[in-house]
Amino acid sequence: MNIQPLGSLARTHTAGELTAADVDKDVVLLGWVHRVRDLGSLVFIDIRDRHGLTQVVARANDALVDEAKKLRSEFVVAVIGKVVARAADALNPRMKTGEIEVEAREIRLLNDAKVPPFPISSDEAPVAEEMRLKYRYLDLRRPRMQRNIALRHRATMEIRKYFDEDGFLEIETPMLTKSTPEGARDSLVPSRVHPGEFYALPQSPQIFKQILMISGMDRYFQIVKCFRDEDLRADRQPEFTQVDLEMSFATEDLVFNTIEPLMARLMALIGRSAPAPFRRLPYAEAIAKYGSDKPDLRAGMEIHDVSAAFADSSFSVFRSVVESGGAVRAFAVKGGARYSRKELDELTAQAKQLGATGLVWARNADGVVQSSALKAAGEETIGRALEMTGAGTGDLVLIAAGQPDSTSRVLGALRLSVAKTQNLLDPDRFEFLWVVDFPMFEWIEEEGRHEFMHHPFTAPLESDAHLLESDPGQARARAYDLVLNGSEIAGGSIRIHDQTLQKLIFKLLQISDEEAKLRFGFFTEALEYGTPPHGGIAIGLDRTVAILCGEPSIRDVIAFPKTAQAVDLMAGAPSPVSNKQLQELKLGPSS
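Since this is a predicted model, take the numbers as computed values, not measurements.

**Comments concerning the overall build of the protein chain**
Helix and strand counts for the protein chain stand at 18 helices and 22 strands. For the protein chain, the C-alpha atoms occupy an extent of roughly 95 × 75 × 55 Å along the three principal directions. Relative to all contacts within the protein chain whose residues are 6 or more apart in sequence, the contacts with residues 24 or more apart total 68%. With an accessible surface of roughly 28,700 Å², the protein chain has 51% of that area assigned to carbon and sulfur atoms. Taken as two groups, the 71 positive and 84 negative side-chain charges of the protein chain have centres that lie 5 Å from each other.

**Considerations on the pairing of strand 15 (residues 368-371)**
Here strand 15 shows a buried face lined by Val369 and Ser371 and an unburied face lined by Val368 and Gln370. Across four bridges, the pairing between strand 14 (residues 360-365) and strand 15 is antiparallel. If you follow Ala365 over to strand 15, its bridge partner there is Val368. Between strand 14 and the antiparallel strand that follows it, strand 15, lie two residues; Asp366 among them carries a positive phi value of about 55 degrees.

**So, the side chain of Ser248**
With respect to the secondary-structure elements, Ser248 resides in strand 10 (residues 239-248). When near neighbours in sequence (up to four residues on either side) are disregarded, Ser248 contacts Met213, Asp218, Pro532, Pro533 and His534.

**Let's talk about the sheet that holds strand 10**
On the basis of which strands lie adjacent, the open sheet formed by eight strands has the order 6-9-10-22-21-20-17-11 and mixed pairing. The open sheet terminates on both sides in strands that have one partner only, identified here as strand 6 (169-170) and strand 11 (279-282). Sheet topology note: the strand 9 (residues 219-227)/strand 10 ladder contains nine bridges and is antiparallel. For Ile223, the partnering residue across the bridge sits in strand 10 and is Val243. Taken strand by strand, helix 6 (residues 252-268) contacts strand 9, strand 10, strand 11, strand 17 (432-436), strand 20 (479-484), strand 21 (487-494) and strand 22 (534-540), and its axis lies near 160 degrees from that of strand 17. Across the sheet, helix 17 (residues 541-549) is in contact with strand 9, strand 10, strand 20, strand 21 and strand 22; its angle to strand 22 comes to roughly 50 degrees.

**Side note on helix 6**
For helix 6, which comprises 17 residues, the first-to-last C-alpha distance of 24 Å matches the rise-based estimate of 24 Å (1.5 Å per residue) to within 8%. Every buried residue belonging to helix 6 is among Glu252, Val255, Phe256, Thr258, Ile259, Glu260, Leu262, Met263, Leu266 and Met267, and all of these are buried.

**Here we look at the sheet that holds strand 2 (residues 43-49)**
Read once around its circumference, the closed barrel built from five strands follows the order 1-2-3-5-4, with strand pairing classed as mixed. With direction set aside, neighbouring strand axes in the sheet form an average angle of 55 degrees. In this sheet, strand 5 (residues 100-111) lies alongside strand 3 (residues 52-58) in parallel orientation, the contact comprising two bridges. What sits directly across from Val57, in strand 5, is Glu103. Packed onto the sheet, helix 1 (residues 62-69) meets strand 1 (26-38), strand 2, strand 3 and strand 5 and runs at close to 65 degrees relative to strand 5.

**Remarks on the packing of helix 4 (residues 143-165) against helix 17**
Two elements in contact, helix 4 and helix 17, have axes separated by 10 Å at closest approach and are oriented at 120 degrees. Classed by the angle they form, the pair helix 4 and helix 17 counts as oblique. The two elements helix 4 and helix 17 cross, and the hand of that crossing is right-handed. Across the interface between the two elements, Asn148, Leu151, Arg152, Ala155, Thr156 and Ile159 of helix 4 pack against Leu541, Asp542, Val545, Leu548 and Cys549 of helix 17. Residue classes in the contact of helix 4 with helix 17 are distributed as seven nonpolar, two polar and two charged.

**Topic: the pattern of salt bridges**
Pairs can form between side chains of opposite charge whenever their charged atoms are close. Evaluation of the coordinates by the stated rule reveals 43 salt bridges. Asp556 serves as the salt-bridge partner of Arg132, at 2.7 Å between the closest nitrogen and oxygen. Linking Arg132 in helix 2 (residues 129-134) with Asp556 in the loop between helix 17 and helix 18 (579-584), this pair joins segments that are 424 residues apart in sequence. When its relative accessible area of 7% is taken as the criterion, Arg132 is described as buried. Across the salt bridge formed by Lys209 and Asp244, the nearest N and O atoms sit 3.0 Å from each other. Of this pair, Lys209 sits in helix 5 (residues 206-214) while Asp244 is found in strand 10, placing the two residues 35 residues apart along the sequence. With respect to class, Lys209 is no different from Asp244; both count as buried. Within this structure, Arg132, Arg136, Asp139, Arg142, Arg144, Glu551 and Asp556 form a network of salt bridges that share partners.

**Quick word on the nonpolar core**
Formed by 42 residues in total, the largest nonpolar core has its most connected members in Phe163, Ile259, Met263, Phe432, Trp434 and Leu482. In terms of nonpolar packing, the next biggest core, distinct from the first, is built from 34 residues, Phe441, Phe452, Ala459 and Leu527 among them.

**Here we look at the packing of aromatic side chains**
Taken as a whole, this structure holds 17 aromatic pairs when the rule is applied. When the ring of Tyr135 is compared with that of Tyr137, the centres are 6.2 Å apart and the planes differ by 80 degrees; the resulting orientation is edge-to-face. By relative accessible area, Tyr135 is classed as partly exposed at 22%. Since its relative accessible area comes to 44%, Tyr137 is described here as partly exposed. On the numbers, 5.2 Å between centres and 40 degrees between planes, the contact of Tyr283 with Phe438 is tilted.

What counts and how
- Residues numbered from 1 in each chain as written.
- Predicted model: local features only at pLDDT ≥ 70, side-chain atom pairs only at ≥ 80, totals over all residues.
- Heavy atoms only, no water.
- Helix = DSSP H or I, 4+ residues; strand = E, 2+ residues; numbered from the N terminus.
- Contact = heavy atoms within 4.5 Å.
- Areas by Shrake-Rupley, 256 points an atom, 1.4 Å probe, with all protein chains shown as cover.
- Lys, Arg positive; Asp, Glu negative; His and termini not counted.
- Charge placed at Lys NZ, Arg CZ, Asp CG, Glu CD.
- Buried < 20%, exposed > 50% of the residue type's maximum accessible area, 1.4 Å probe, protein only.
- Pairing = 2+ DSSP bridges.
- Axes fitted to C-alpha atoms, helices over the stretch in contact; angles between N-to-C directions.
- Expected span 1.5 Å × (residues − 1).
- Parallel < 35°, antiparallel > 145°, perpendicular 65-115°, else oblique.
- Left-handed = near helix turned anticlockwise from the far one by under 90°.
- Nonpolar A, V, L, I, M, F, W, Y, C, P; charged D, E, K, R; others polar.
- Salt bridge = Lys/Arg side-chain N within 4 Å of Asp/Glu carboxyl O.
- Core = buried A, V, L, I, M, F, W, Y, C linked by side-chain atoms within 4.5 Å.
- Phe/Tyr/Trp six-rings, centres within 6.5 Å; stacked < 30°, edge-to-face > 60°.

Here's what the structure looks like:
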C-alpha cells in the first residue's frame, strides 16, 4: 500500500461526532488506525483522533478490502465514505458513534508507522514511566492523556475568562531577569553580550507583580512558566506553571473572595461543586489537629490533646513529658478495635521511623478497655484518654507523647497512613481549606538566624508587628495557603508596602543594606514612590489540574515533563554543548 498525498482532501467530521442523525451523509475522516479486524470478506477499521473513535467498514469491492487488510495500528489514513446505521446487534452504547459506521468508498494511506513500543489503544496496559516519557508523542495519543491535556486547556480558558470578567489585566513579566533568590536555587542563563554576567529564569514573578501594583495596574494576572533548580523530589518539576495574580488595596478577604468562585468554576468542569466560604484554619491549629500545614480533611480523625489524662497518672513516661512542657496527643480510628496485634505492631514501628520514641494504643472492645499501656497507666487513665478523643465501642486510639508540634506531626503521618488503608480518602470528595496566620520566620539553627517562611515581602499580622524587634520568632504573617485534599495548590500573602518595614525585615533576616541593594535595589527604590497596600496569590496549575483529573502525578497533566531526576528523556536534555558555544559565552576553554 503506497503512501498518498492528502491533496485537497479536507475533514468533514471528527472521529467522535457522528450519530444516527448523520446517516446517509458523505463524510471524510482523517486520523489514525486504532485497530483492524479482518473478517475475510469485510474489514472493520476503528479510526481515531483526539475527539473519539469511528468504526469504518470496507466491503465495497475486493480491491478495497485487500487495501484495508494492509493497514496496521497507528497508520495515518483518510477515509471517504457514507454514514450507515449499524445493525441492531452491533450497536455500541459505550461510544458516542456507536449507532453508526462509515462504509468506505476509498481509503488513502497518508503515512505508515513503526510498531509502537507500547499499546496505544488502551490505558489499562501497564507501561513503565521511563518508556512513556521517552516516547511521549505516542503516550500523548492515549485516551487518558488526551483527556488530561484537554481538561488542562479547558481549565486555563476558564481561568482567563474569569479574570477578564473580574477586571484583571493579563500582563507578561520577563523570563530573563535578575537573580533574586526566594528560598530556592535560581536557574541561570549566561549572557554572551556581557561576559561573566548571568540572567536568572524567574522562580516566580513576585517582584514584578508587586511593581505592577506600584505602577497603578490595580489587578494583574498571568499564566506563567516558573523555574526552580531545587533538589530533586518525586513530584516536582524544574519548570512548572502557575496562575499568578496581584491586587491593589487587597485584604485577605478580598483575595479569598476572588479565588473561591474561581475554584467553583474549575470544579464545575468535572461536574463537582466547591461550596463557599471555604474553611479557614490557623497554621498552629492545623499542626496541632492534623500534624500538617496542608491537612487532608477527607480523612477525619482529628488529633486531640489528652495531656490532662496523664498529668497525674501512674504512667511515668507520659507524666514526665507533660511535666516538662510536652504534650500527649491522640486520635481515634473508627472501627479500629479490630486491628490485629501484628497491625498494631506495624503502626508502632512506623511511628518510631517517623521519630516517635514509641506509640501507645488503646481500644474499647465491647465495653472492655484494652491498651498496650493498661498495666502502667491503669484503666481509669486509659478510659479518660479514650473519652477525650470521642472514641466509642469498637474504636482504636493511637497515642504519642513528646514536643507538641513534633508529636502531632508523627500522628498526622500515621493518620494519613491509616486513612489510606481504610479507604477514607474518597477520590470523588473535594475538601478546600485556607491555612492562615503562618509564622513570619523559622529559625535556622545551623546558621544562627531567622529565615522567612514564605518570602521576605510578606507583611506581618498587624497585631504582631510589635513582636518583630522584641520576639520575631513569635510573629505571624499575613500569609495563606489554599489546600485541596491534602495538597497545597496555592499560596500567597498581603505584601509589605512600607519601605521602613521592608528594611526592618531585611535586617531581621541578616540581609545587609549592601546586599539588599544588590539583590532587590530596583524594587526597594520603587517602594518609595507611592506603593499602595497590595496582596496576591499564586495557584499551582499543574497540581490543581492533576487533582481535577484524578492523577497522582503532575507529570500526567504536563505535555512534556521531566523525570524526577529533571531529565527530558524524549529530547535528551540536559545535554553537553560544544566548546564553540562555551567560548562565545566566555565559559569554555579558550581556543
